[in-house]
Amino acid sequence: MRLRKLNYRIILISLLLCSVGLIAIYSSSSPAPRLSSPMGWRNNLAIKQIIWILVSITMFFVSFVWGYQRFLDFAPLFYLLSLASLLILLMLGPVISGAQRWLHISGMNFQPSEFAKLSVILFLSRYFIARQDRISRVKTLAGASVFVGIYVFLIFQQPDLGSAIILIPLFLVMAIFCGMKRRYIIVLLLLGIAFSPLFWSLLREYQRQRLLVFLDPGRDPLGAGYTIVQSKIAIGSGGLFGKGWFKGSQSQFNFLPESHTDFIFALLCEEWGFLGAVLVLSLYFFLLKTILRTAVLTNDRGAKMLSIAIATFIFSHVFINIGMTLGILPVVGIPLPFISYGGSNLMVNMIALGIVASVKKER
């Protein structure tokens, strides 16, 4: 009975995006056909991604059946659990490539910062709804800033600059939607600019180099700017129709680093060309349109806020990731939703879509 109220457009578009990602991951994780068989050992990435997709689909239906209202009811608990996982990560998490971002659970890598983003969405939704009559007070904004700031600080310490940055537009969009006075938002932005020198001093050296390369692309083409240079070459060489599957020189011969995660969009552009990129962007457009339509059709304020926040969450990831690959934004390590390799981000995205889909069921 409940499945009759399922928004099938949401699950269909998300599965199409997952399929695109799986094809790209298979190409990225396989040796070049001219060198050896495409069934090389590295294809275990594609197999792992299939497992993550199946788990994430299951979580989608679990969150759909559970319903958005229950998620709001348990939002404080989710916030505390995510906070605990971030603290445990900083104390006990393994250091991989100079960063503490993953916890190993039963042979799988678990990234607490991804689940922290969804916890912030749920907690802020409940926080603002409970204070609708006090939404214009400085105290309300200050309290929300503290709750988000704790997460930003802990995630920044990993260091995971991209995930920390994502929380900022989430907070601002939700505050504006709730009717927060514009002058308060402007004050927050001015404070952010004023404290930017302190922020610069807290960055790691490689993060500073990435920002400097963004401002001056020719600064270090063989070092900090290497990935951006190769990404632009891959995107430009794809042309209109692309070079074809397994025929991208930058990805197949490992000139393009992280072609299965952060820079997977460059791989898609190289192999599928401009038309392939337009297809992917069109899928994102229709997905965001469906989520925002859900927000328009519901009369429940909590459901509206969750839908708008989740749309902002997905859009921010897409915008920053593609901006990185094009060189119009600094490299901050943000995955492309539903397409990049990895389970934590995919699972969180599918749970979020399940929450949106449940709005129609409970409307």
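Please refer to the structure higher up on the page.
Conventions and cut-offs
Residues numbered from 1 in each chain as written. Predicted model: local features only at pLDDT ≥ 70, side-chain atom pairs only at ≥ 80, totals over all residues. Heavy atoms only, no water. Salt bridge = Lys/Arg side-chain N within 4 Å of Asp/Glu carboxyl O. Helix = DSSP H or I, 4+ residues; strand = E, 2+ residues; numbered from the N terminus. Buried < 20%, exposed > 50% of the residue type's maximum accessible area, 1.4 Å probe, protein only. Expected span 1.5 Å × (residues − 1). Polar contact = N/O pair within 3.5 Å; in protein donor to acceptor, adjacent residues only side chain to side chain.

Trainee: Please provide a residue-by-residue account of the pattern of salt bridges, values included.
Mentor: Applying the stated criterion to the full structure yields 2 salt bridges. For the salt bridge of K117 with E114, the shortest nitrogen-to-oxygen distance reads 3.2 Å. Of this pair, K117 and E114 are both found in helix α5 (residues 112-130), 3 residues apart, which corresponds to roughly one turn of the helix. K117 gets classed as buried once you look at its relative accessible area, which sits at 0%. For E114, a relative accessible area of 2% gives the class buried.

Trainee: Go over unusual backbone geometry with me, naming the residues and quoting the values.
Mentor: That bond from Q158 to P159 is cis: its omega, -5 degrees, falls within 30 degrees of zero. You will see that F246, though not glycine, has its phi angle at about 70 degrees, which is positive. A positive phi is found at F338, a non-glycine position, where the angle reads about 70 degrees. Position of F338 among the secondary structure elements: in the loop between α14 (301-326) and α15 (344-362). Relative accessible area serves as the criterion here: at 2%, F338 is assigned to the buried category.

Trainee: Talk me through α14; I want residue IDs and the actual numbers.
Mentor: Taking 1.5 Å as the rise per residue, α14 with 26 residues should run 38 Å; its terminal C-alpha atoms sit 37 Å apart, in good agreement. When you tally the buried positions in α14, you get 20 out of 26 residues, the bulk of the element. Sitting at the amino-terminal end of α14 is D300, which places a side-chain oxygen 3.0 Å from the backbone nitrogen of G302. A positive backbone phi angle near 85 degrees is found at G327, which sits one or two residues after α14.

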